[in-house]
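# A look at the structure
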Amino acid sequence: MAATLLIDAIKSAVILGGVLTAFAYVTLLERRLLARFQLRVGPNRVGPLGLLQPLADGIKLIFKEHFVPAGADRLVYLVAPLITVVAALFVYAVIPIGPPVRLFGREVTLYVADVNIGVLLVLAASSIGVYGIILGGWASDNKYALLGGLRSSAQVISYELALGLAVLGVVLAAGSLSLVDIVRAQSHLWFIVTQPAAFVLFLIAAFAETNRAPFDLPEAEQELIAGYQTEYGGFTFAMFYLGEYVGVITMGALITTLFLGGWQGPLLPPVLWFLIKVFAVVCVFIWVRATLPRLRYDQLMALGWRVLVPAGLLNLAVTALVIVARG
Amino acid sequence: MLLDWGYVAVFAIVGAILAALPLLVIWLIAPRSAYPQKLETYESGVPTIGQAWSQFNVRYYLFSLVFVVFDVEIIYLYPWAVVARSGGALAFVEILIFLVILTLGLVYAWRKGALEWV
């Protein structure tokens, strides 16, 4: 019992450490890739190829002055970034990185837990994250921040349904809510092949859920300064930043798990396959940011409600029909 | 299975500590030199007018009402999706009826103008 708990604590620490390292380097990847898309070079001075840039950024942000605006609600102002970070990290409790391996004569699973409602847990955690944004926007007592927070909630109520409906298609095809079972169900054919509509739905909804371009209205810098982050500085700002980028990695990991066969692939070790797929999806996120202009607020809600939700319902009905017809 | 939930709890606690630790660190090491002007709310450099906590017209409130209904309804679909294979034709017909009602609800909301930008 004590040994299993110890293994679990170590595993948790390794996964969290991995996620945080990945976060640091996704920020660098984004800056470098965006620079390339815009025919610039990007940050390349700190360390070889700019690889120490995230470290320098982190140290800088820790040593920045910390203050709470006089008008702000102090408690909520400080709790809001915490909620965002915890919700973003929590998802990794159930995401399977690889199949069980034997380490030191012991069967070790490469996920923290395999709960039977993994998918629901992930969806719940990812929507809790938005509370941090809304509360942060409200608590700042800043008009731009408030507008950013409200926009964020508008986005969630428009795209959560599409996300849920897309996942339902996968759950139907796999017959289980456990993420490990869903990965196993794709050993012959990835769900991106059998559920292409759900994949597209999920991808679009994922952009909106993570507040990424073309749905980055909550922090539209041309309109709202920095949106909900306007009154945040130093490390509390970095925490919101972390929430956003961990969210992107989470969506990458989820798309990998639900549609791209998770850790499965030929030749290379499973964990490496998982990382390669997540990396590819994160690159797509950055690519889309460099390509598409931002939608208008009402266009965004119209797209969610009038296109994605009906499409999701239709996809669900067709999937169900096929599955029942084939027995 | 219960043990798995224990793991999830451990993970959540470790994550929360990890997230709260930096707040403690910055409280210890970050410099402080606040003065009233610095603590003012930012409003593009001009003196702040009023508070942000005033009455505000949330223009998508109808969307949010529809959302609450639909989100709950989609939760009902998850248990069915898991057992759809073994449920067979009867379960399929039943869920189809449910889906049709759901879709009619969406069409109703649409026709009533709830999905318009008011």
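Residues numbered from 1 in each chain as written. Chains lettered and ligands numbered in written order. Predicted model: local features only at pLDDT ≥ 70, side-chain atom pairs only at ≥ 80, totals over all residues. Heavy atoms only, no water.

Now for the environment of Ser33(B). Along the chain, Ser33(B) turns up in the loop between α1 (2-29) and α2 (61-111). In this structure, Ser33(B) is in contact with Glu65(A) and Lys38(B), ignoring residues within four places of it in sequence. (Helix = DSSP H or I, 4+ residues; strand = E, 2+ residues; numbered from the N terminus. Contact = heavy atoms within 4.5 Å.)

This part is about the interface of chain B and chain A. Residue-level contacts link 67 residues of chain B with 85 residues of chain A. Buried area between chain B and chain A, both sides added, is near 6600 Å², and the carbon and sulfur share of it is 77%. Among the residues of chain B in contact with chain A, Phe11(B), Trp53(B) and Tyr78(B) are the three that bury the most area, contributing 13% of the side total. Linking chain B to chain A there are one salt bridge. For Lys38(B), the salt bridge identified is with Glu65(A), shortest N-O distance 2.7 Å. (Buried area = accessible area lost by both parts, 1.4 Å probe. Salt bridge = Lys/Arg side-chain N within 4 Å of Asp/Glu carboxyl O.)

Bringing the side chain of Ser158(A) into the picture now. Residues and elements named next belong to chain A. Residue placement: Ser158 occurs in helix α5 (residues 143-174). Overall, the relative accessible area of 0% leaves Ser158 in the buried class. If near-sequence neighbours (up to four positions away) are discounted, Ser158 is found in contact with Met301, Gly304 and Trp305. (Buried < 20%, exposed > 50% of the residue type's maximum accessible area, 1.4 Å probe, protein only.)

We now examine the packing of helix α10 (residues 234-259) of chain A against helix α11 (residues 270-291) of chain A. To describe two helices that pack against each other, one gives the angle between their axes and the distance between the axes. All names here are of chain A. Taken N-terminus to C-terminus, the directions of α10 and α11 make an angle of 125°; their axes are 8 Å apart at the nearest point. For the element pair α10 / α11, the angle class is oblique. Along this stretch, α10 crosses α11, giving a crossing that reads as right-handed. Contacts between α10 and α11 involve Tyr245, Val248, Ile249, Met251, Gly252, Ala253, Ile255, Thr256 and Thr257 from the former and Phe274, Lys277, Val278, Val281, Val282, Phe285 and Arg289 from the latter. Residue classes in the contact of α10 with α11 are distributed as 11 nonpolar, three polar and two charged. (Axes fitted to C-alpha atoms, helices over the stretch in contact; angles between N-to-C directions. Parallel < 35°, antiparallel > 145°, perpendicular 65-115°, else oblique. Left-handed = near helix turned anticlockwise from the far one by under 90°. Nonpolar A, V, L, I, M, F, W, Y, C, P; charged D, E, K, R; others polar.)

Okay, the layout of surface pockets next. In this approach the atoms are scanned with a rolling probe the size of a water molecule, which exposes any empty space left behind. Put simply, the largest pocket is a space of about 1100 Å³. Taken together, 41 residues make up the lining of the largest pocket; nearest its centre are Phe23(A), Thr27(A), Leu61(A), Ala238(A) and Tyr241(A). Only α1 (2-37), α2 (53-62), α3 (74-90) and α10 of chain A together with α1 of chain B provide two or more residues apiece to the lining of the largest pocket. Ranked by the residues each element gives to the lining of the largest pocket, the list is headed by α1(A), at nine residues. Classifying every residue of the lining of the largest pocket gives 26 nonpolar, five polar and 10 charged. (1 Å grid on protein atoms, 1.4 Å probe; cavity = no way out; pocket = protein on both sides within 12 Å on 5 of 7 lines; lining within 4 Å. Points joined across faces, edges and corners; volume = space filled by probe spheres on them.)

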